[in-house]
Amino acid sequence: MSEQGSLKMHQVVLDSTDIRGLAEFYRSLLGLVYGPGDEPPEAGEHDERGQDWLVLRTPDGAPRLAFQHVDRLTPPTWPDGPVPQQLHLDLSVTSIEDLKAQHERVLSLGGRLLSDNKQGPDEPFRVYADPAGHPFCIFVA
């Protein structure tokens, strides 16, 4: 058995004061689906699961992102403030045209642009914050 044994990464967990809202942002952005039982309730019903923990998966069932409720969250102020980014997600596209198209999607879903390096000499990229303030990058690979 290797030094790592059978250990493998299962998913990334993001804290949020509004886990349903953050899950919806990433579900829409990445084309993920809710894990069994985590789907939003019918209109007007109490969102029991949305108060604690939610999981998003790929359409074929592989876990990707989970969301954990916290009462208070200090969003990163990176790159200009004292609170570091702490964690960020790297997402990729295949062309500068795709980067431009994803830029519009991110903004329409509630994300905001933090840094624009779309003309970078190595790999063009943009850095965004999700609605809870977590940074993520989209780069041309």
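Residues numbered from 1 in each chain as written. Predicted model: local features only at pLDDT ≥ 70, side-chain atom pairs only at ≥ 80, totals over all residues. Heavy atoms only, no water.

Undergrad: Explanation requested: the sheet that holds strand β5 (residues 89-93) in the structure shown.
TA: Strand pairing in a sheet takes place through backbone hydrogen bonds and is either antiparallel or parallel in direction. Overall, mixed pairing links the four strands, which are arranged β5-β8-β7-β6 in an open sheet. Unpaired on one side and paired on the other, β5 and β6 (112-117) mark the two borders of the sheet. Shown here is a sheet whose adjacent strand axes are inclined to one another by a mean of 20 degrees, direction ignored. Pairing between β5 and strand β8 (residues 135-140): five bridges, direction parallel. Counterpart to Leu89 in the pairing with β8 is Phe136. (Pairing = 2+ DSSP bridges. Helix = DSSP H or I, 4+ residues; strand = E, 2+ residues; numbered from the N terminus. Axes fitted to C-alpha atoms, helices over the stretch in contact; angles between N-to-C directions.)

Undergrad: Help me understand the side chain of Asp47 in this model?
TA: Tracing the backbone through its elements, the reader meets Asp47 in the loop between β2 (33-34) and β3 (53-57). Exposure remark for Asp47: the relative accessible area of 15% places this residue in the buried category. The contact partners of Asp47, leaving out residues within four places of it in the chain, are Arg20 and Pro41. (Buried < 20%, exposed > 50% of the residue type's maximum accessible area, 1.4 Å probe, protein only. Contact = heavy atoms within 4.5 Å.)

Undergrad: Quick question: what am I supposed to make of the pairing of strand β1 (residues 12-16) here?
TA: Side-chain direction in a regular strand flips from residue to residue, so the side chains alternate between the two faces of the sheet. Residues Val12, Leu14 and Ser16 point to one face of β1 and are all buried, whereas Val13 and Asp15, pointing to the other face, are not buried. Pairing of β1 with strand β4 (residues 63-69) involves five bridges; the strand directions are parallel. Its bridge partner being in β4, Leu14 is matched across the sheet by Phe67.

Undergrad: What is the right way to read the packing of aromatic side chains from this model?
TA: Aromatic ring pairs are described here by two measures, namely the spacing of the ring centres and the angle between the planes. Per the counting criterion, the structure on display carries five aromatic pairs. With a centroid separation of 5.0 Å and 85 degrees between ring planes, the pair formed by Phe25 and Tyr26 is classed as edge-to-face. Summarising the burial analysis for this pair, Phe25 and Tyr26 share the class buried. Ring centres of Tyr128 and Phe136 lie 5.6 Å apart, and the angle between their planes is 25 degrees; this geometry places the pair in the stacked category. Judged by relative accessible area, Phe136 falls into the buried class, the value being 0%. Among the aromatic side chains, those forming a connected cluster through ring pairs are Phe25, Tyr26, Phe67, Tyr128 and Phe136. (Phe/Tyr/Trp six-rings, centres within 6.5 Å; stacked < 30°, edge-to-face > 60°.)

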